[in-house]
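Coordinate inspection notes
Each chain is listed here by its residues.
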Amino acid sequence: MLTPLGRLDKYAASENVFNRQMVARSLLDTLREVCDDERDCIAVLERISRLADDSEPTVRAELMEQVPHIALFCQENRPAIPYAFSKYLLPIVVRYLADQNNQAVESLGGHSNRRRPVAAAHPLPSQAALKKVRKTSQAALLALLEQELIERFDVETKVCPVLVELTAPDSNDDVKTEAVAIMCKMAPMVGKDITERLILPRFCEMCCDCRMFHVRKWCFCCQVCAANFGDICSVVGQQATEEMLLPRFFQLCSDNVWGVRKACAECFMAVSCATCQEIRRTKLSALFINLISDPSRWVRQAAFQSLGPFISTFANPSSSGQYFKEENKSSEDTSVEDKNRTRDEEVPEDAQIRPEDVPADPTVSNSSVKLEGAPDPDIGAESPRKPPGDSSLPCPLSSEPHQEAASNEDDKKPGTCRSASRLEVGSSAQDPAPLDQELYNSFHFWRTPLPEIDLDVELEQGSGNKLGPEGLGGMPEATSPASANITMATRKELEEMIENLEPHIDDPDVKAQVDVLAAALRASSLDACDEVSEAARRAPQDELPGCRLDHGTSGPLTSEAVENMESALRYIHDDSDSGTSGGFSPDEERRAKVQDVVPQALLDQYLSMTDPSRAQTVDTEIAKHCAYSLPGVALTLGRQNWHCLRETYETLASDMQWKVRRTLAFSIHELAVILGDQLTAADLVPIFNGFLKDLDEVRIGVLKHLHDFLKLLHIDKRREYLYQLQEFLVTDNSRNWRFRAELAEQLILLLELYSPRDIYDYLRPIALNLCADKVSSVRWISYKLVGEMVRKLHRAAPPTFGVDLIRELVESFGRCPRWSGRQAFVFVCQTVIEDECLPMDQFAVHLMPHLLTLANDRVPNVRVLLAKTLRQTLLEKEYFLTSASCHQEAVEQTIMALQMDRDSDVKYFASIHPASTKISEDAMSTASSTY
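Presented here is an overview of the structure given in this document. Along each chain, residues carry numbers from 1 onward, in the same order as the chain's sequence is written. Restriction of local features to residues with pLDDT of at least 70 applies here, the model being predicted, together with a cutoff of 80 or more for giving and counting side-chain atom pairs; totals for whole chains, interfaces and linings are based on all residues. For side-chain calculations, the full set of non-hydrogen atoms in the structure is used, while hydrogens and water are omitted.

**Things to note about the overall build of the protein**
We apply this condition: Under the scheme used here, helices are H or I runs from DSSP no shorter than 4 residues and strands are E runs no shorter than 2 residues, and both carry numbers assigned from the N terminus. Each residue is assigned to one of three classes by its accessible area relative to the maximum for its type, calculated with a 1.4 Å probe on protein chains only: buried under 20%, partly exposed between the two thresholds, exposed over 50%. Only heavy atoms enter the contact rule, under which two residues are in contact if any of them lie within 4.5 Å. Only the protein chains shown count as covering a residue, and every accessible area follows the Shrake-Rupley method with a 1.4 Å probe.
Check the secondary structure of the protein and you find 51 helices and zero strands. A total of 931 residues make up the protein; the buried ones form 52% of that total. For the protein, contacts bridging at least 24 residues in sequence account for 76% of all contacts bridging at least 6. Taken as a whole, the protein presents about 43400 Å² of accessible surface, with 52% of it coming from carbon and sulfur.

If you want it as C-alpha cells, here you go:
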C-alpha cells in the first residue's frame, strides 16, 4: 500500500490532467496525514512547488484555490513547519499574479520527465484559462491578507514590488488593469503607511499618465482607478487626499471616457469624507454639479444616485440639533424657534397689517400692528423665512381682493405671508353697504343663526392699550372698501372645502379635517357689528386713507384648533394646487427653501429628483433613490430646516410607484426620530396613516417598524392606532403568512406601550386570532405573544384582566371541540412555563388543572405534546421538584397514566427524558404537522 507521499508522487507524475487536478485538491488532506513528521511536511511543500510549474492552467488554478487553506494549516502548525508559507507558498502566489503565455511555454519545456512533444501534445493555453489562474491567485492573495497570514515584511519586499512592476507602462494591458485593482483592494488591509509609501505614487501615475491613453481605451485602467478612488482616500487620510489625490480626481471627473466619470460619481461620497469641510463646500460641490449636468445619461444617473450620500457628508451635530433626547427639544431647536419668534414679534410701527396675520394666541393677538402697502424692514431678500407649510392659513386663503393683491405685488417682501400658527378675522368697516353685503349670503340665510360671543375683557383692554392712536405714533385707522369682504372670501373658501370633503366624511381623517374647517368657519362668521362699532368708537374720523388699525380677535378658536386647521388646510391645498405651495410665487417658494448647511445648488438638485422630467431624462428609478437617501439628507439639514424637504417628502409619499412609497415606509420611523415629536405629529402622521391603507408591499414597511414609530407619539395619538391594528389581519394575498408573523412580533413589542385595559380590549382578540392561524410559524410566535400578554396582565393591579384572559384561553382552546385548538392550549401552557410568564404557584392554580385533563384526550398528537410538556418542561421547574404538594402528586399521576398509554409515542415521551431533544424543536415539528 502506498504511503501518502508515494501516492502524491504517483498521481503528480501522471499524464492525465484530471489526476494532477486531484492531487492539487488532496494536498491539504495529505498534509494533515503527515503533520506529525516535519520532514514529510517539508516534502509535501516541495512537491507543491513542483506542481506549481504544471503546464496545464486548470491544474495551476486548482492549486491556487487550495493555497489559502494550506497556508492556514501551516499557520496553525507553525512550530512543526516554521516559515513554510513564506518560503514555499507565497512565491507561488506572487508569480501567478502575472501568469501568462510565456510562463506556460517555459513550464512546458521544463517538464522533461513527461517524455512527449510539447507543441503537439499540449497546445498553448487559451487566454481565458490563463486569466482564470491570475484571478484565483488574486483571490488567494486577498484571502491571505484578510486572514493576516502574510507578514508585513513580506508584503513590503515581495508583494508590493511585484504589483508595482506589473503596472509599468510596458506591461501587458490585462495584467496592468488587474494589478491596479488588486493594489486598490489590498490598500485597506495593509494600512496607511505601506499604502502611502509603495502604492500611492504608482496609483497617482496610473490616474493621469498621458502615455497610458491606450490602456485607458482598451483596458479601462483609469476606470479601475476611479472606481477605487474612495477606498484609497479613506486609507491615506485627509492630508494625502487633499495634496496628492484631489488634483487627480478632478482630472478623472473631466475625463473623455464617460465610464471614468461615472465611476467618479459613484465614489464621490467616499472622497468627500476624506476632505475638510471647506474643500467639500467650495470645490467638491461645484465638481459634483458638473457631473449632475454631464452630457452622458449614465453619468447623470450615477451622480443623482450619489447626491443624497454626498449631501450627508455635510452633517454637523451643531447644525442638525440631534442629541437623541426626545423628551425635550434640543437647545439648537429652541434657539432657532426663539429667533423666529422674536423676528415675528418685533414689528415696526410702519409695518403692514394683513388679514391673516392676527395670532391665534390671545396673548399676542393684538401685538402686531402694520400699515398696508409698507414693506417689512426686518425681512430682507437674504434673510431666512419660514416655510409656506408653517403658516396656519396659506396664501390662497387670503381674503384680500385680487385687484389689491395685484397692485401691491411689487411692494411685498417674502415675509409678507409669514404667519406661524396665526389666524385673523378682519374687523374694520367704514361703509354700511359693504357690511350688509358681507353679512348676507344664501348659506348664512338658511343656516341656524350663530350665537354671539363677547370679547374677552382683558384682551379688549390690552388691545385698547396697545392699539390706540398712541401705539401707532398718532397714526389713526383707515380702511379700504375692499377690506369689508375679507372674512367673506375666507368663509366662501372654507365652505367650498367643506362641501368638497363631505362625500368622503366616512374617512376618519377627512372627518377630522371637516371638524377643523367647521370651527374655522364659525370663527369667521362671528357677528361683525360689535367689532365695527368698537373700531369706529376708538378711531378718530380723520383716518389716513392708506392705513388701518387691525383690531381682530381669534374668536373661540384655541391654539390646538388652529394647529389642526393649519395641518388640514396645508394637505388640502397640497392635493388641489399644482406646483405652488400655498400660493407663493416661485421666487418666494425658492427663498423658503434656503438654508446654510448644504450648498444650495446641491439641495436644489436633490429637490428636483421628484420632477417627472427627471425620470425621462435621467433614470426611471430616480424617485426611489431620492426616497432612499431622504433620512440622511434630513439629518444633515436638521429639524429646523425640515421645511426645505417637507414638500418633497409629501410628493414622494404620493408617488405612483409603490417601490418609492415602500422605501419611505421602511424609513419613516428613522425620520420621526430626526424630526422629533411635534413635526412627526404634524407632518409624518398623516403620511403614516396613508401607508397603513396602501398595498401590502408598502404596509409591511410600516408594520416592521410599527413599535419604533408609535413609541415616538403622544399617548393619546398612540391610542388612536388601536382601532387600526385589526386591519393588519387582512392582506391582499391570504398566503402572505409572513405579514401576520410580523404582526405578532410587533404586538409583543407594543405591549409595553399600552395599558392593561387597552391590551385586553384591543390586542387580546388579535392575539387569539393569530393563535388559530393556518401556518405553524405564525401560531408559534402567537403563543409567545399570549404568554407575554399573560405576564403583563397578571402583574397589573388588580390582576383581573389576567384572570379573564386565562379563563378565555381555557374556554376557547382548552375545551375547543377541534383537536388543533386543544393542542394550541398545550403550546400556550408550555410557553408560559418556559418563559415564566406566571409564578408556578399561580400556574398550578389557574392553568395546570385544565392542562392535566388533556391526558384523556382522544387525539394522540395532543397527548404526545402534553407528555413532552410535563416531562421536559414542567418537571424541570424547582417548584415541582422540591414541594410535596397536591399539584406535584397530580402531575406524577398524569405522567404515570401517559406511560401506560396505548400510543407508543406518548409512552416514549412520558417514560424517558431525552437530554438531546429540545422542546422548541419538537414542538415546532409537531405544530407543523397539525394542519
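**Quick look at the pattern of salt bridges**
Here is the rule: Take a side-chain nitrogen of Lys or Arg and a carboxyl oxygen of Asp or Glu: if they are within 4 Å of each other, that pair is a salt bridge.
Overall, the coordinates contain 31 salt bridges when judged by the stated rule. Measuring nitrogen to oxygen at the nearest pair gives 3.0 Å for the salt bridge that ties aspartate 696 to arginine 699. With a gap of three residues between them, aspartate 696 and arginine 699 both fall in helix H37 (residues 696–704), about one helical turn apart. Relative accessible area serves as the criterion here: at 6%, arginine 699 is assigned to the buried category. The partner of aspartate 758 in a salt bridge is arginine 719, with the nearest N and O atoms 2.8 Å apart. Highlighted residues: aspartate 758 in helix H41 (residues 756–771) and arginine 719 in helix H39 (residues 715–719), separated in sequence by 39 residues. For aspartate 758, a relative accessible area of 5% translates into the label buried. Assessed through its relative accessible area of 31%, arginine 719 is described here as partly exposed.

**Description of the packing of helix H47 (residues 860–872) against helix H50 (residues 904–911)**
Quick note on the threshold: For helices, the fitted line uses only the C-alpha atoms of the stretch in contact; every axis is such a line through C-alpha atoms, and the angle between N-to-C directions lies from 0 to 180 degrees. Put simply, angles under 35 degrees are roughly parallel, angles over 145 are roughly antiparallel, angles from 65 to 115 are roughly perpendicular, and the rest are oblique. Each residue is assigned to one of three groups, with Ala, Val, Leu, Ile, Met, Phe, Trp, Tyr, Cys and Pro labelled nonpolar, Asp, Glu, Lys and Arg labelled charged, and all others, Gly among them, labelled polar.
Running from N to C, H47 and H50 point in directions that differ by 5°, and their axes come no closer than 8 Å. Taken together, the axis directions place H47 and H50 in an arrangement best described as roughly parallel. Of the residues in H50, those touching H47 at Pro860, Arg863, Val864, Ala867, Lys868, Arg871 and Gln872 are Asp905, Val906, Phe909, Ala910 and Ser911. Grouping the constituent residues of the contact of H47 with H50 by class yields six nonpolar, two polar and four charged.

**Observations concerning the packing of H37 against helix H40 (residues 737–750)**
Quick note on the threshold: It is the rotation of the near helix from the far one that decides the hand of a crossing: anticlockwise by less than a right angle makes it left-handed, clockwise makes it right-handed.
Closest axis-to-axis distance for the H37/H40 pair is 10 Å, and the angle between their directions is 20°. In this view, H37 runs roughly parallel relative to H40, as classed from their interaxial angle. For the crossing formed where H37 meets H40, the hand is left-handed. Between H37 and H40, the residues in contact are Asp696, Arg699, Ile700, Leu703 and Lys704 and Phe739, Glu742, Leu743 and Gln746, respectively. Partitioned by chemical class, the residues of the contact of H37 with H40 number four nonpolar, one polar and four charged.

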